[in-house]
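Chain and residue survey
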Amino acid sequence: MYDWLNALPKAELHLHLEGSLEPELLFGLAERNKIALPWNDVDALRNAYNFGNLQEFLDLYYAGADVLRTEQDFYDLTWAYLQKCEAQNVVHTEPFFDPQTHTDRGIPFEVALRGISEALADGRELLGISSGLILSFLRHLSEEDAFKTLEQAMPFRDAFFAVGLDSSEVGHPPSKFERVFAKARAEGLLAVAHAGEEGPPEYIWQALDLLKVSRIDHGVRAAEDPKLIQRLIDEQIPLTVCPLSNTKLCVFDDMSQHNILQMLEQGVKVTVNSDDPAYFGGYVTENFMALHESLGMTEDQARRLAQNSLDARLAR
Ligand SMILES: Nc1ncnc2[nH]cnc12
Ligand SMILES: [Zn+2]
């Protein structure tokens, strides 16, 4: 089944580039940039990948991203991810880039963006993988900070097709960024947002009504609100679901409890994605495989999930 799932053409619509930083590359970049790490070796770092919730993961994820310093580092990170895409027949990808993770440490916006954009261009040319980049705001930071980030991005407007919203969800509702998203949309950017990962269904309503998103990232807590589920079905709003992420971050205690196939059968436009594959134990194919092993996902269901991902592409 693994090889069959791997060969299925698919799109990835929920991937944080910083979350694809494998421990081996992390150690390699630390050595190249002469950065001392708090872990003795790759195995010690991997052993730290035990998370009780989203925040515990984010603390390690931001610490890991500190090894990314130069344009070449961002190129290497993105290129390594694209090679995984090629190996798993991911024909199209729409990754997130969180500039604040880097600008707050003194890395210029354009250094990170240039490395990422060059790798995506090479991915198109050399691997035939189409892509579009999402400028994502860190929601634990202020509205003012997000406005500043949007302003920094404007000289590079054409490098992005959408804005997104990620990081610590609870306590940072979409409403906090209503005005920033309005400005981004006025610039012609589309909008997506993480909502209903750890946060309540109300955050999904806000993302739809206040941020006017075209897609919801995660959204698994929509299942608690039948009216919301009906709206997602009626309007065919895609959810970018990340099964291995949800179990690693204890959104579900076990994969056997995941609700993605239930939503699929209800008619919700759900897709399968890897979120932060280096930290959660696998890329897109491993996420599909986990659904097969723990939930009995059939080939027909896998085909529909893959087709949903191709239908839900926003970058052209
Ligand atoms: N799963 C996730 N939720 C929110 N922010 C993130 N940043 C990276 N991964 C994330
Ligand atoms: Zn995410």
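Below: a short report on this structure. Because the structure is a prediction, the values reported are computed rather than measured.

1. So, the overall build of the chain
In terms of regular secondary structure, the chain is built from 16 helices and 10 strands. Taken over C-alpha atoms, the radius of gyration comes to 18 Å for the chain, in line with the 20 Å a tight globule of 316 residues would show. Based on the C-alpha atoms only, the size of the chain along its principal axes is roughly 50 × 45 × 40 Å. Sorting the 316 residues of the chain into buried and exposed places 58% on the buried side. Residue pairs in contact within the chain that sit at least 24 positions apart in sequence constitute 77% of those at least 6 positions apart. When the accessible surface of the chain is summed, it comes to about 12,100 Å², and 48% of that surface belongs to carbon and sulfur atoms. One finds the centroid of the 27 positive side-chain charges in the chain at a distance of 5 Å from the centroid of its 50 negative side-chain charges.

2. Quick word on the side chain of His 258
Relative to the helices and strands, His 258 is located in the loop between helix H12 (243-248) and helix H13 (260-266). Among the polar contacts made by the side chain of His 258, one reaches the side chain of Asn 246 at a distance of 2.8 Å. Once residues lying within four places of it in the same chain are set aside, the contact partners of His 258 are Val 220, Val 241, Pro 243, Asn 246, Phe 252 and Leu 295.

3. A closer look at the coordination of the zinc ion (ligand 2)
Only His 14 (NE2), His 16 (NE2), His 194 (NE2) and Asp 275 (OD) from the protein reach the zinc ion (ligand 2) as donors, at distances of 2.0 to 2.3 Å. For the zinc ion (ligand 2), the four donor atoms in the first shell make angles of 83 to 175 degrees at the metal, a pattern classed as irregular. Going along the chain, you hit the donors of the zinc ion (ligand 2) in the pattern H-x1-H-x177-H-x80-D. Here the residue His 16 occupies a position in the loop between strand E1 (10-12) and helix H2 (23-32), and Asp 275 occupies one in the loop between strand E10 (270-272) and helix H14 (277-280), the gap between them amounting to 259 residues. As far as the burial class goes, His 16 and Asp 275 line up, both buried.

4. A short note on helix H5 (residues 71-87)
Because an α-helix completes one turn every 3.6 residues, residues spaced three or four positions apart along the sequence face the same direction. With 17 residues, H5 ought to run about 24 Å at 1.5 Å a step, and its terminal C-alpha atoms sit 25 Å apart, in line with that. Buried residues along H5 sit in contact with E1, H2, strand E2 (90-93), helix H6 (100-103) and helix H7 (109-127). Among the residues trailing H5, Asn 89 stands out with phi positive, at a value near 55 degrees.

Criteria and thresholds
Residues numbered from 1 in each chain as written. Chains lettered and ligands numbered in written order. Predicted model: local features only at pLDDT ≥ 70, side-chain atom pairs only at ≥ 80, totals over all residues. Heavy atoms only, no water. Helix = DSSP H or I, 4+ residues; strand = E, 2+ residues; numbered from the N terminus. Rg over C-alpha atoms; globule rule 2.2 N^0.38 Å. Buried < 20%, exposed > 50% of the residue type's maximum accessible area, 1.4 Å probe, protein only. Contact = heavy atoms within 4.5 Å. Areas by Shrake-Rupley, 256 points an atom, 1.4 Å probe, with all protein chains shown as cover. Lys, Arg positive; Asp, Glu negative; His and termini not counted. Charge placed at Lys NZ, Arg CZ, Asp CG, Glu CD. Polar contact = N/O pair within 3.5 Å; in protein donor to acceptor, adjacent residues only side chain to side chain. Donors = N, O, S within 2.8 Å, 3.2 Å for Na, K, Ca; no water. Tetrahedral: all angles 85-135°; square planar, octahedral: opposite > 155°, others 65-115°. Expected span 1.5 Å × (residues − 1).

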